[in-house]
Amino acid sequence: MSIHITAPVGSIAPVVLMPGDPLRAKLIATEFLTDAALVSSTRNIFYYTGLYKGQRISVGASGMGCPSIGIYSYELYSNYDVQHIIRIGTCGAYHNNLQLFDIINVNKAASESTFAKEAWGYAEEVMLPQGNAYTVINETAAARQQAVLDTAVHTSDYFYRANPELPAIAAAHKCEVVEMESFALFANARYLGKSAACLLTVSDIIPTQQKISPDQREQSLLPMIELALEAGIRL
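Residues numbered from 1 in each chain as written. Predicted model: local features only at pLDDT ≥ 70, side-chain atom pairs only at ≥ 80, totals over all residues. Heavy atoms only, no water.

Novice: Can you walk me through the pairing of strand β8 (residues 149-155) in this structure?
Specialist: For a regular strand, side chains alternate in direction, first toward one face of the sheet and then toward the other. Of all the seven residues making up β8, five are buried; the element is thus mostly covered by neighbouring parts of the structure. Pairing of strand β6 (residues 103-110) with β8 involves six bridges; the strand directions are parallel. Each bridged residue has a counterpart across the sheet, and for Asn105 the counterpart in β8 is Asp150. (Buried < 20%, exposed > 50% of the residue type's maximum accessible area, 1.4 Å probe, protein only. Helix = DSSP H or I, 4+ residues; strand = E, 2+ residues; numbered from the N terminus. Pairing = 2+ DSSP bridges.)

Novice: What should I look at first to understand the pattern of salt bridges in this one?
Specialist: If the charged atoms of two oppositely charged side chains come close together, the side chains can form a pair. Going through the model one piece at a time under the given rule, you end up with six salt bridges. Glu230 is paired through a salt bridge with Lys53; the nearest N and O atoms lie 2.5 Å apart. Highlighted residues: Glu230 in helix α8 (residues 222-232) and Lys53 in the loop between β3 (47-52) and β4 (55-60), separated in sequence by 177 residues. Taking relative accessible area as the criterion, Lys53 reaches 60% and is therefore assigned exposed. The salt bridge involving Glu179 is made with Arg87; its shortest N-O contact spans 3.0 Å. Placement of Glu179 in strand β9 (residues 177-179) and of Arg87 in strand β5 (residues 84-93) is noted, with a sequence separation of 92 residues between them. We classify Glu179 as buried; its relative accessible area is 3%. Taking the relative accessible area as the measure of exposure, Arg87 reaches 3% and is therefore buried. Shared partners join several salt bridges into a network, and the residues in it are Arg87, Glu179 and Glu181. (Salt bridge = Lys/Arg side-chain N within 4 Å of Asp/Glu carboxyl O.)

Novice: What's the story with the environment of Ala152 in this structure? I'm lost.
Specialist: Tracing the backbone through its elements, the reader meets Ala152 in strand β8. Taking the C-alpha atoms as reference points, Ala152 and Pro164, 12 residues apart in sequence, are found 20 Å from one another.

Novice: Help me understand helix α6 (residues 182-192), please; the structure alone is not making it clear to me.
Specialist: Along an α-helix, residues three or four apart share an orientation, since each turn contains 3.6 residues. Judged by how many residues are buried, α6 sits mostly within the fold: eight of 11 residues are covered. All of the buried residues along α6 are Ser182, Phe183, Ala184, Leu185, Phe186, Ala187, Asn188 and Ala189. After α6 finishes, the residue Gly193 shows a positive phi value of roughly 70°.

Okay, structure coming up:
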């Protein structure tokens, strides 16, 4: 076991789906996996392992922000020999050309975060998906005839801010959406030679202040979750 994940060695599958919210991890395990077992609940960050269409897969939470996903993804890769992590989460759209419920397969993450530089010496402000997970997601979506957008994301260290204008880094890298985790996940995977991808559902349109309602949220994420699971069993 590791410091923050207390699952026994061997109890986490090589493929992990990683929502931010522990309760979303529980929902996925309950609704989609058979024979699902809770293998770690330290700090109420839940990790489950079960079967999806007969194949072993795990799901567990990352928490919020680069520091949190940085810890959990590192321990999964290093202590549990996880090979692939697919982050599944929500994002805000910077532009109103996107719509609520759009699904995005992140093709690069740009960030002001010092995570990659301070942790691993990577000075770039852009991190790319690693390994083959990103490609397998696109191939799976095409096979399912499921619409997925190929889009850059701004990984931000702040959720609330005083300046309402588009951040300079998002403009420079043509980031259509903003979230808080994928930059660190990609950096860890790069350093450790692992595979990482990020699927996001647009939950709000920042210019128009449209939002997915709390009642809609769980149902609206199901297409993304199913895509991640289908891709996961192809890895």
